[in-house]
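Examining the three-dimensional arrangement
What follows is each chain in one-letter form.
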Amino acid sequence: MSGATIKGWCPSLFEPMAAGDGFLVRVKPRVAGISAAQLRALADAAEMYGSGRIEITNRANFQMRGFTAESARVFAGSMRAAGLASADPAAERRRNIVVAAGLAPDMMAAAQRLETWLEQDDSLQALPAKFGYAVGEMVGVADLCLLPGRVVLPGPIAVPAADPLAAAQALTQAYLRLTPRPMRLRALLASLGAEIFCAAAGYEGKVFTPDAQPPGPFGLGLAYDTQTAAQLRRAAELAERFGNGRLRTTPGNSLVLLGAEADQAGLAAAARAEGFIVDPADPRRWIKACVGRPACASAGADVRAIAAALAPHWAGAGMLHVSGCAKGCAAPGGAAVTLVATAQVDRFDIVCDKTADGVPERAGVSLQDAIEWMTERQFCR
């Protein structure tokens, strides 16, 4: 198999990234979802070759940690053998698709054709590693979101289209023609203008009006987006017991069981017993936290421990983001309140309604002072 390339800012299965706890890699589930058997294979391999610590990223990928350079190569081969990766590393790099659960058959077919196109069209080689697609009601989680009768761009801007896949392909090719250097689509739209960009693809952009959101399927919530290999195997068992044996990852950092409509009460009880979050009022659903120390050398604190300490106090008035540094990896879009660890031991900046690198409301405060500040403003109880 192809050797892994050790790179920096956007890891994939074949391109591990060095971290404080070894190399990390990502597995992108296919649009059809992941079967219980594949989930067990992933869990076993993550435990055998890495640390067994598994996260779901904001792009609905599995992220595994604790590999050596050699074990990451072996892990990649096992994932390809399990049907969880493209054979070609270049195709795997650009296969960035997030799919909503419960898609209508025509949109599911579009998602599958989109995946095939991304894997087979070598003219897409110049796409940046973070250029991504979403299919279904997930506007804002990708560069191009395919919905029935339209494609939505950052802004958000709706592009009406009888064939959303054809429109997404044309918009992608326009992006490649118009981008003088690698940049995010949002940045290109800001510099060029949405009207000019859409016209270059042969379409017209309009103001996006969201549709009413239907009730979502049953999801297994994860505290701070992470789980162990053992917990992943338990999710596979629940999928076979209560659903059709398939699961889907979500940008909301949870595992959705497909076909699990019959016994929701029984599923909720079983999932709760296995340590998954099922209560919409659970404050951990409203807390984002990066991996923190010691796994990340950039982090200024043990972020997950701090998030756990804050959870009983958080009132759920918006999202709380606990970040190990100003990069804000766990919540790149910002949060109602972000607690940012500083270079000074046990000191934090408090940032409101901005990303982690924003100007803080309070700087260099202790954790107790931060809790008191958030309590005064009714973020904490």
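Here goes a summary of the coordinates provided. This one's a predicted model, so the numbers in the text were calculated from it and none came from an experiment.

Below, the discussion takes up the overall build of the chain. Secondary structure summary: the chain contains 11 helices and 20 strands in total. Computed over C-alpha atoms, the radius of gyration of the chain comes to 21 Å, within 12% of the 21 Å expected from 2.2 N^0.38 for 381 residues, which places it in the range of a compact globule. Per-residue burial for the chain yields a buried fraction of 52% across its 381 residues. Pairs at least 24 residues apart make up 58% of the contacts formed inside the chain by residues separated by at least 6 positions. When the accessible surface of the chain is totalled, it reaches about 16100 Å², and 54% of it is carbon and sulfur. Put simply, the chain has 38 plus and 36 minus side-chain charges, and the middle of one group is 3 Å from the middle of the other.

Moving on, we get to helix 5 (residues 164-178). The end-to-end C-alpha separation of helix 5 is 21 Å, in line with the 21 Å expected for 15 residues at 1.5 Å each. What helix 5 keeps buried is the set Pro164, Leu165, Ala167, Ala168, Leu171, Thr172, Ala174 and Tyr175.

Further remarks concern the packing of aromatic side chains. A full pass over the atoms with the stated rule returns four aromatic pairs. Ring centres of Phe131 and Tyr175 lie 4.8 Å apart, and the angle between their planes is 45°; on these two criteria the pair is classed as tilted. Of the two residues, Phe131 sits in the loop between helix 4 (105-120) and strand 7 (133-135) while Tyr175 sits in helix 5, which places them 44 residues apart along the sequence. Between Trp314 and Phe379, the aromatic rings sit 5.7 Å apart at their centres with planes inclined by 5°, giving stacked as the arrangement. Here Trp314, found in the loop between helix 10 (303-310) and strand 17 (320-323), pairs with Phe379, found in the segment after helix 11 (367-376); they are 65 residues apart in sequence, far enough to count as distant. Take Trp314: its relative accessible area is 0%, and that puts it in the buried class. An aromatic cluster is present here, built from Phe131, Tyr133 and Tyr175 joined pairwise through their rings.

What follows deals with the nonpolar core. If you look at soluble globular proteins, the nonpolar side chains tend to sit buried side by side. Membership of the largest hydrophobic core comes to 43 residues, with the highest contact counts inside it found for Val27, Leu42, Phe62, Met64, Phe75, Leu220 and Leu238. If you tally residues by element for this core, the top one is helix 8 (residues 229-242), at seven residues. Those residues in contact with Val27, other than ones at most four positions away along the chain, are Leu13, Leu42, Asn61, Phe62, Met64, Phe75, Met79 and Leu84. Residues Val159, Ala161, Ala168 and Leu185 belong to the second largest nonpolar core, which totals 34 residues.

Following both chains from N to C, one finds helix 1 (residues 36-49) and helix 2 (residues 69-81) inclined at 165°, their axes separated by 10 Å at the closest point. Relative to helix 2, the element helix 1 is oriented roughly antiparallel. Helix 2 is crossed by helix 1, and the crossing has right-handed handedness. Counted together, Ala41, Leu42, Ala45, Ala46 and Tyr49 of helix 1 and Ser71, Val74, Phe75, Ser78 and Met79 of helix 2 form the full contact between these two elements. Within the contact of helix 1 with helix 2, the residues separate by chemical class into eight nonpolar, two polar and no charged.

A few words on helix 9 (residues 264-273). Three or more residues of helix 9 are buried, namely Leu267, Ala268, Ala270 and Ala271. Taken from the residues just after helix 9, Gly275 is the one with a positive phi, measuring 95°.

Our next topic: the environment of Cys380. By the secondary structure assignment, Cys380 is in the segment after helix 11. Along the primary structure Cys380 and Gln169 are separated by 211 residues, whereas in three dimensions their C-alpha atoms are 46 Å apart. In contact with Cys380, other than residues within four places in its own chain, are His313, Trp314, Ala315, Ile371, Met374 and Thr375.

A word on the environment of Thr342. Topologically, Thr342 is positioned in the loop between strand 18 (335-341) and strand 19 (348-354). Note: C-alpha distance between Thr342 and Gly364 (22 residues apart in sequence) is 7.2 Å. Setting aside residues no more than four positions away along its own chain, Thr342 makes contact with Gly300, Arg347, Phe348 and Asp349. For Thr342, the side chain forms a polar contact with the main-chain oxygen of Gln344, separated by 3.2 Å.

Turning next to unusual backbone geometry. Residue Pro156 is bonded to the preceding Gly155 through a cis peptide linkage, with omega at -5°. For Pro156, the position within the fold is in the loop between strand 9 (150-153) and strand 10 (157-160). If you check the backbone angles, Asp346 has positive phi at about 60° while not being a glycine. Here Asp346 falls in the exposed class, since its relative accessible area comes to 57%. In this model, Gln378 sits at a positive phi of 65°, which is unusual for a non-glycine residue.

Here the focus is the pairing of strand 10. As defined by bridge partners, strand 9 adjoins strand 10 across four bridges and the pair is classed as antiparallel. Its bridge partner lying in strand 10, Val151 is registered against Val159. Following strand 9, the chain reverses through three residues before pairing antiparallel with strand 10; Gly155 in that reversal takes a positive phi of roughly 145°. Relative to strand 11 (residues 206-207), strand 10 runs antiparallel, the two being bridged by two bridges. Bridge assignment links Ala158 to a residue of strand 11, and that residue is Lys206.

Here is what the cut-offs are and how they apply
Residues numbered from 1 in each chain as written. Predicted model: local features only at pLDDT ≥ 70, side-chain atom pairs only at ≥ 80, totals over all residues. Heavy atoms only, no water. Helix = DSSP H or I, 4+ residues; strand = E, 2+ residues; numbered from the N terminus. Rg over C-alpha atoms; globule rule 2.2 N^0.38 Å. Buried < 20%, exposed > 50% of the residue type's maximum accessible area, 1.4 Å probe, protein only. Contact = heavy atoms within 4.5 Å. Areas by Shrake-Rupley, 256 points an atom, 1.4 Å probe, with all protein chains shown as cover. Lys, Arg positive; Asp, Glu negative; His and termini not counted. Charge placed at Lys NZ, Arg CZ, Asp CG, Glu CD. Expected span 1.5 Å × (residues − 1). Phe/Tyr/Trp six-rings, centres within 6.5 Å; stacked < 30°, edge-to-face > 60°. Core = buried A, V, L, I, M, F, W, Y, C linked by side-chain atoms within 4.5 Å. Axes fitted to C-alpha atoms, helices over the stretch in contact; angles between N-to-C directions. Parallel < 35°, antiparallel > 145°, perpendicular 65-115°, else oblique. Left-handed = near helix turned anticlockwise from the far one by under 90°. Nonpolar A, V, L, I, M, F, W, Y, C, P; charged D, E, K, R; others polar. Polar contact = N/O pair within 3.5 Å; in protein donor to acceptor, adjacent residues only side chain to side chain. Pairing = 2+ DSSP bridges.

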